[in-house]
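# Close look at the chain arrangement
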Amino acid sequence: MNFTVGFKPLLGDAHSMDNLEKQLICPICLEMFSKPVVILPCQHNLCRKCANDVFQASNPLWQSRGSTTVSSGGRFRCPSCRHEVVLDRHGVYGLQRNLLVENIIDIYKQESSRPLHSKAEQHLMCEEHEEEKINIYCLSCEVPTCSLCKVFGAHKDCEVAPLPTIYKRQKRELTLLPRLEGSGTHMTYCSLDLLDSSDPPILASQNASITGSELSDGIAMLVAGNDRVQAVITQMEEVCQTIEDNSRRQKQLLNQKFESLCAVLEERKGELLQALAREQEEKLQRVRGLIRQYGDHLEASSKLVESAIQSMEEPQMALYLQQAKELINKVGAMSKVELAGRPEPGYESMEPFTVSVEHVAEMLRTIDFQPGTSGEEEDEEVALDGDEGTAGPEEGRPDGP
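As the structure is a computational prediction, the values presented were derived from the model and not from experiment.

What follows concerns the packing of aromatic side chains. Counted by the stated rule, this structure contains 1 aromatic pair. The ring centre of tyrosine 347 lies 5.2 Å from the NZ or CZ of lysine 283, which sits over that ring. Geometry around tyrosine 347 places arginine 286 over its ring, the cationic atom sitting 4.8 Å from the centre.

Below is the structure:
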C-alpha cells in the first residue's frame, strides 16, 4: 500500500527559511538586518547604523547630522564588494531605504515565531485516494490503509481494525521492553495498560500483534547487542589504559638504564682524565727541573766570563797574575761540569693516551629491546639485589661468644 506524507512540505519550508535567514545577514555586524535598511549604489544592503559606523570611521572629520555646520559629504567602501560609495552632505541618511528587505524581515520574523504544526495535525494520506487519510490497519496485509481501500480497493476482502487500536496494542508491547537509562547498560522495565476496555475483540487476532512482536524482538536484540558492544568498549578502554601504564613504566626503566650507562661512561672518563693529568704533571716537573738546572749553570758561567774579562783588563801585573791563576782553575772546573741529559725525542708527545671509542660506539648502536625480557623479571632482579644488599652486613657480622 502506497501513501504520501501530508506534512512533507514543512521540511522544505524549514530549509527554505534557513536559506532565507542567511540572505538577511548584515556583512558588518553579522546579524540579521536591523531597520532601517539602506541599499548602496552597488545593490548591497546594510543596517543604517552599521553603514554610519563605517562611514564615520572612513571620514573622522565629517560632522554629524545634528551639527549646525554644513558638511560637504564623504565616501566609504562597500564591505561586500569594496565598491566606493560617494555620499552627499546628508551622509548615510541620504541613502535610499530598502523597504522590500524590511518587509521580508517582518514576514520572516512572523513565520519564525509561528509554532510548527503539532504531530496530531500531521496525517498520512493515501496515495490511491489522495483526499483520504490513513485511518485503518489491514490485519491480513499488515499495512495501514484508508477506508476507501477497504470498501472499494485492494483490501476489500481483508480483515481490518481501527488504526488507533493497533497503535495502542503495539505501543503496549513496546513498553514491556527493557529500556536503557542514561549512557550505561542498566535497564528498567515499565508496563503501561494503554488498552481501553472499549477496544474491540478483534485485537485477539494473532495477526494484529505480529508486527509489534517482531519490532519488540528486534529492539530487545538491539538492546542486548548494545550491552555486548558497551562491554567490549569498556574492555578496550581498559586495554588502552593498561598500554599507557605499561609504556610509562617501560620509559622509566629505559631512562634508568641509559642514565646508569651514562654514569659508567662519566666515571671512566674521569679516571682517564686523572691518568692523563698525572702524566702531564710528571713530565712538566722533569722538564722544569732540567730548565732550572741549565739556568743555574748558565748564570754561573756568565758570571765567570764577566770576572775573566774584568781580570784581563787589570793594569797591575802582580794582581793580574794572582787572579789569573784562580780564574783559570774556575774556568777549567766549569768546563768539566756535566749537565743532566735532555729529554729524549718525542718526550713531549701524549699519543699513548689516545682513546679509541669506535668499537664502543658501534656496540652502543646495537642496543635494542629484548622481547623475551619482561618488566616482572627486572622487578625480581631488583628485589633479589635488595635482598643480597640486606643480607651482606648480617653475613659479615662476627658470631657471638
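Moving on from the model shown.
With that out of the way, let us pick up the confidence of the model for the chain. When pLDDT is averaged across the chain, the result is 76; 73% of the residues are at 70 or more. The low-confidence segment residues 66–70 (pLDDT under 50) makes 2 contacts with residues lying over four places distant or belonging to another chain. Within the model, the stretch residues 117–121 combines pLDDT values under 50 with 2 contacts to residues more than four positions away or in other chains.

Another aspect to go through is helix H2 (residues 48–58). Looking only at H2, the buried set comprises Arg48, Cys50, Ala51, Asn52 and Phe55. The secondary structure elements touched by the buried residues of H2 are strand S2 (37–39), strand S3 (45–47), strand S4 (74–77) and strand S5 (84–87).

Take the UniProt feature "coiled-coil region" (unreviewed entry) in the chain next. The UniProt record marks residues 262–293 with the feature "coiled-coil region" (unreviewed entry), using the residue numbering of this structure. In this annotation, residues 262–293 is assigned 100% helix and 0% strand; the end-to-end C-alpha distance for the span is 47 Å.

Tallying each qualifying case throughout the model produces 12 salt bridges. For arginine 75, the salt bridge identified is with glutamate 84, shortest N-O distance 3.4 Å. Residue glutamate 84 is classed as partly exposed on the basis of its relative accessible area of 34%. The partner of glutamate 102 in a salt bridge is arginine 97, and the shortest N-O contact between them spans 2.8 Å.

By the definition in use, this model includes 0 disulfides. Its sulfur unpaired, cysteine 42 is 3.6 Å from the next cysteine sulfur, which belongs to cysteine 78. Left without a disulfide partner, cysteine 81 is nearest to the cysteine sulfur of cysteine 42, which lies 3.7 Å away. Given a relative accessible area of 36%, cysteine 81 falls into the partly exposed group.

Criteria and thresholds
Residues numbered from 1 in each chain as written. Predicted model: local features only at pLDDT ≥ 70, side-chain atom pairs only at ≥ 80, totals over all residues. Heavy atoms only, no water. Phe/Tyr/Trp six-rings, centres within 6.5 Å; stacked < 30°, edge-to-face > 60°. Lys NZ or Arg CZ within 6 Å of the ring centre and 35° of its normal. pLDDT = per-residue confidence, 0-100. Contact = heavy atoms within 4.5 Å. Buried < 20%, exposed > 50% of the residue type's maximum accessible area, 1.4 Å probe, protein only. Helix = DSSP H or I, 4+ residues; strand = E, 2+ residues; numbered from the N terminus. UniProt positions renumbered as here; feature names shortened; annotations may be inferred. Salt bridge = Lys/Arg side-chain N within 4 Å of Asp/Glu carboxyl O. Disulfide = S-S within 2.5 Å.

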